[in-house]
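As a plain string of letters, each chain reads:
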Amino acid sequence: MSFQFTHQHDNMDCGPACLSMVASSHGKNYPLKYLKENSSITREGVSLNGIREAGNDIGFDAIATKLNIEELKGRKDYFPAILHWNQNHFVVLRKVSKNIFTNKYYYHIADPAHGLIKLSEQKFLESWYSEDEDGIILFLIPREEFYEKEVVEKEEISIKYILSFLTPYRKQLTYMFLLLLFGSGLTLIFPFLTQMLIDKGVNAKDIDFIFIILSAQLGVFLGTITIDIFRNWLMLYIGTNLSITIISDFIKNILKLPIKFFDTKKKGDFIQRIQDNERIEEFLTSQSLTTFFSIITFVVFFGVFIYYDYKIFVVYLFLTVISVMWSFFWLKKRKRLDYYRFQQRSQDQESIYEIINGVTEMKINQFEDFKRLEWEKIQKKLFNLNIRILRINQIQISGFEFINQLKNIIVTFLAATFVVEGKMTLGALLSVSYIIGQMNSPIDQLISFFRSLQDAKLSLERLNEVQNHPTEEQDDQKKLQNIEAIKENGIKKGIRLVNVSFKYGTAIAPNILENVNLCIPEGKVTAIVGASGSGKTTLMKLLLRFYNPNNGKIFFNDTNILDLSPKSIRENCGVVMQDGYIFSDTIERNIATGDTDIDYKKLAYALKIANIEEYIESLPLKLKTKIGAAGNGISGGQQQRILIARAIYKNPRYIFFDEATSALDAENEKIIHDNLQGFFKNRTVVIIAHRLSTVKNADQIIVLKKGGIVEYGNHQELVSTKGDYYSLVKNQLELGS
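Notes on the structure in this doc start here.

Quick notes on the rules
- Residues numbered from 1 in each chain as written.
- Predicted model: local features only at pLDDT ≥ 70, side-chain atom pairs only at ≥ 80, totals over all residues.
- Heavy atoms only, no water.
- Helix = DSSP H or I, 4+ residues; strand = E, 2+ residues; numbered from the N terminus.
- Buried < 20%, exposed > 50% of the residue type's maximum accessible area, 1.4 Å probe, protein only.
- Contact = heavy atoms within 4.5 Å.
- Areas by Shrake-Rupley, 256 points an atom, 1.4 Å probe, with all protein chains shown as cover.
- Pairing = 2+ DSSP bridges.
- Axes fitted to C-alpha atoms, helices over the stretch in contact; angles between N-to-C directions.
- Parallel < 35°, antiparallel > 145°, perpendicular 65-115°, else oblique.
- Phe/Tyr/Trp six-rings, centres within 6.5 Å; stacked < 30°, edge-to-face > 60°.
- Lys NZ or Arg CZ within 6 Å of the ring centre and 35° of its normal.
- Salt bridge = Lys/Arg side-chain N within 4 Å of Asp/Glu carboxyl O.
- Left-handed = near helix turned anticlockwise from the far one by under 90°.
- Nonpolar A, V, L, I, M, F, W, Y, C, P; charged D, E, K, R; others polar.
- Patch = residues over 30% accessible without salt bridge, like charges linked within 9 Å, V, L, I, M, F, W, Y side chains within 5 Å.

1. Thoughts on the overall build of the chain
Looking only at helices and strands, the chain features 25 helices and 18 strands. Buried positions account for 48% of the 737 residues belonging to the chain. Sequence separation of 24 or more characterises 74% of the internal contacts of the chain that already satisfy a separation of 6 or more. On the chain, roughly 37,600 Å² of surface is accessible, and the fraction owed to carbon and sulfur atoms is 56%.

This is the structure in structure tokens:
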């Protein structure tokens, strides 16, 4: 059975790509996107267990084990298999071969990040063996179910789909069509003018006729320049608007995706995808349109060439076909390297982003040199990759140009021979030379077109991974504000969690929350406390529908959260997260966020509750003061007060605070805490906090420990039982022993 190599699209895709290759060797070609969705992939990548789960899902018996090199050689019948490589990567071992002359073993590897490679035993062991001189391998043995299971079809990117982006620009394209058609007609006049210049002007020694022909050539030349100017303006207009449309659609679709999707991606992957848009724009504007009209020009001169001499034309056509075939042969190799370049550039973007954002911590911890050297390593890899790409481009272009030049020489020689033999005039020879030059350009353009098409398809595949991903919002979801609890059904109004369990990552990962049963009464304040890692923030993220529970149900009144629109839940919630974000914008816009027209009455109220009026009034530009991304230029306490004001400005039905006052001093915290008591009235409030002062007045306090509820009640009840809550309070020196 054929082995189909699969490139990884992103840095984290090596596991699913390996699984795709193994499946192809057994006759099934699964799309990488499908396998990624079933591999429990995270931002750190995919684990061996994640690959095993995905393998089981498509019908493999997936067996992970440790072997030494001798044991591995005895398992040839189970190849191809997936290897854990360099402790941070996955590759496919296709086969092991032995040189009959040297008796040395060679290992044939399919690395989704680098291609097909052949390694000596020593090199192989350096990457495969772990510390205990064993290597980890995952054998995938197909069950009957594997062959019966229907393969999910891969969504191919067609030229028709790519060209559909041009549909809104029919009018501009019509103008370009007419201009380029007229321009092609003008260039057609040149060979006839050239022949007339020589045969009827120079040979006849008629100066007036020569002047007329040269004037005509100048007029035609000025006409083509004018057409080019208008064409370039139109191409700029279409190209700019296309770029905006493609990137805007990409960003719009990204923002519709669930938080879980972002857990599997690095920032560099997104940035590189956006930069990839330039290749799509170039194809749609520069390449596709120019190539279309180059082909028209080619066809026109094709006819003129046959008119002059069909024998010379046949030789020309034969050598042209050879040059085109040569170029196509190298396109496939270039495609593979393009995947690798995307990954390296993505790593480069991620590294730069980290250096810029982490500069303070790097200086504090003397981490600068390490991070700089890490970036240099990425640049060296990128340099080596660019050398490989340059080598292929040079071989392709040099070979193409050599064949073209040879073709020009042979055709010119044949034409010159015909002139010497009296079968062709000198003017016709010059015309043929001109036609050859004009026909070479469309062929060059055609090769560039296919190279650009290949780039555009690869870029669109990456963009479409976002376009085709299921969005958070679905048409059949209800809006939270339209839901009222039915009193007759006996359900208490509020938020209820019934046997809720949740984990991040694979099926064998530990539960963050386990069998949580909880009622958050409407119009009351519920505080959640517990040690770090007890699951408090995760619980809040479930309530905000950032993630769905693995088991159990969450109800808002009597409606399952899975039936609710995530957007409508968040529209009704004022939230301050532990890692709340301050945007690079004015203070007023950071608080009013989505409101196009700011309600300054609401804004003033929010500022008063958050106790930040005095600070803002001290600034020269007051509310118009611009603060940096992530809150640069303001203190942690000021950031938190802006975040609190943002939550209050929404005038929400539900309030979720996760360590909302942890960066505040005691005085400010007390003022804000007192201000919030009135605001909390008749609202459903969930507060996560460590400080006793923040939680002691809550209507109920929930104590989480290792993902489960161990205690609940009010402050006095929990202190009197002297359990976990009492211990947490005692550690803050709020109570005596």
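2. Side note on the sheet that holds strand S2 (residues 81–85)
Sheet strands pair by backbone hydrogen bonding; their relative direction is either parallel or antiparallel. With respect to topology, six strands assemble into an open sheet ordered S1-S6-S2-S3-S4-S5, the strand pairing being antiparallel. A strand with exactly one partner marks an edge of an open sheet, and here the two such strands are strand S1 (60–67) and strand S5 (115–120). With strand direction ignored, the average angle separating the axes of adjacent strands in the sheet is 30 degrees. Judged from the six bridges that link them, strand S3 (residues 89–98) and strand S4 (residues 105–111) form a sheet pairing that is antiparallel. Paired with lysine 95 across the bridge in S4 is histidine 108. Helix H1 (residues 14–25) contacts S1, S2, S3, S4 and strand S6 (135–142) of the sheet and is inclined by roughly 40 degrees relative to S3.

3. With respect to the packing of helix H21 (residues 636–649) against helix H22 (residues 666–679)
Closest axis-to-axis distance for the H21/H22 pair is 13 Å, and the angle between their directions is 5 degrees. Relative to H22, the element H21 lies roughly parallel. Between H21 and H22, the residues in contact are Arg641, Ile644 and Ile648 and Asn668, Ile672, Leu676 and Phe679, respectively.

4. Quick look at the packing of aromatic side chains
What the rule picks out here adds up to 15 aromatic pairs. Aromatic pair tryptophan 85 and phenylalanine 124: ring centres 5.6 Å apart, planes at 50 degrees, arrangement tilted. Of this pair, tryptophan 85 sits in strand S2 while phenylalanine 124 sits in helix H5 (residues 121–128); the two residues are 39 residues apart in sequence, bridging distant segments of the chain. Here the aromatic residues Trp85, Tyr107, Phe124, Trp128 and Tyr129 are joined through ring pairs into a cluster of three or more. Sitting above the plane of the phenylalanine 146 ring, lysine 28 keeps its charged end 5.2 Å from the centroid. The ring of phenylalanine 3 carries the charged tip of arginine 94 above its face, separated from the ring centre by 5.2 Å.

5. Side note on the pattern of salt bridges
In this structure the tally under the stated criterion is 11 salt bridges. With a shortest N-O distance of 2.6 Å, lysine 624 and glutamate 588 are connected by a salt bridge. You can see lysine 624 sitting in the loop between helix H20 (613–617) and strand S14 (626–627) and its partner glutamate 588 sitting in helix H18 (residues 587–592), a full 36 residues away along the chain. The partner of aspartate 674 in a salt bridge is lysine 670, and the shortest N-O contact between them spans 3.1 Å.

6. Quick look at the packing of helix H19 (residues 600–609) against H21
H21 packs onto H19 with a crossing angle of 135 degrees between their chain directions and a minimal axis gap of 8 Å. As summarised for this structure, H19 and H21 are arranged oblique, according to the angle between their axes. Crossing handedness for the pair H19 and H21: right-handed. From H19, Lys602, Leu603, Tyr605, Ala606 and Ile609 reach across to H21, where they touch Ala645, Ile648 and Tyr649. Its residues placed into classes, the contact of H19 with H21 shows seven nonpolar, no polar and one charged.

7. Regarding the sheet that holds strand S8 (residues 513–521)
Reading across from one edge, S8-S7-S10-S11 is the order of the four strands in this open sheet, with antiparallel pairing throughout. The outermost strands of the open sheet, each flanked by one partner alone, are S8 and strand S11 (559–560). Looking at chain direction, strand S10 (residues 551–556) and S11 are connected through two bridges and run antiparallel. Bridge pairing in S11 links phenylalanine 555 to asparagine 560. Along the sheet face, helix H16 (residues 536–543) touches strand S7 (494–502), S8 and S10 and points at about 120 degrees away from the line of S7.

8. Here's the deal with the side chain of histidine 673
Its place among the elements puts histidine 673 in helix H22. Filtering out sequence-adjacent residues up to four positions away, histidine 673 remains in contact with Ser693, Thr694 and Asn697.

9. What to know about a nonpolar patch on the surface
Together, Leu218, Phe221, Leu222, Ile225, Ile229, Trp233 and Leu236 line one region of the surface with nonpolar side chains, adding up to about 740 Å² of accessible area. Within the secondary structure layout, leucine 236 lies in helix H9 (residues 207–254).

10. Comments concerning unusual backbone geometry
Of note, the amide linkage connecting phenylalanine 79 to proline 80 takes the cis form, showing an omega dihedral of 0 degrees. Residue placement: proline 80 occurs in the loop between helix H4 (69–73) and S2. Residue glutamine 87 is not a glycine yet carries a positive backbone phi of 65 degrees. Residue classification places glutamine 87 among the partly exposed positions, given a relative accessible area of 48%. One non-glycine residue, asparagine 651, adopts positive backbone phi at about 50 degrees. Topologically, asparagine 651 is positioned in the loop between H21 and strand S15 (654–658). On the basis of relative accessible area, asparagine 651 is assigned to the partly exposed category, the value being 47%.

No statement about biological role is implied by the geometric values presented.
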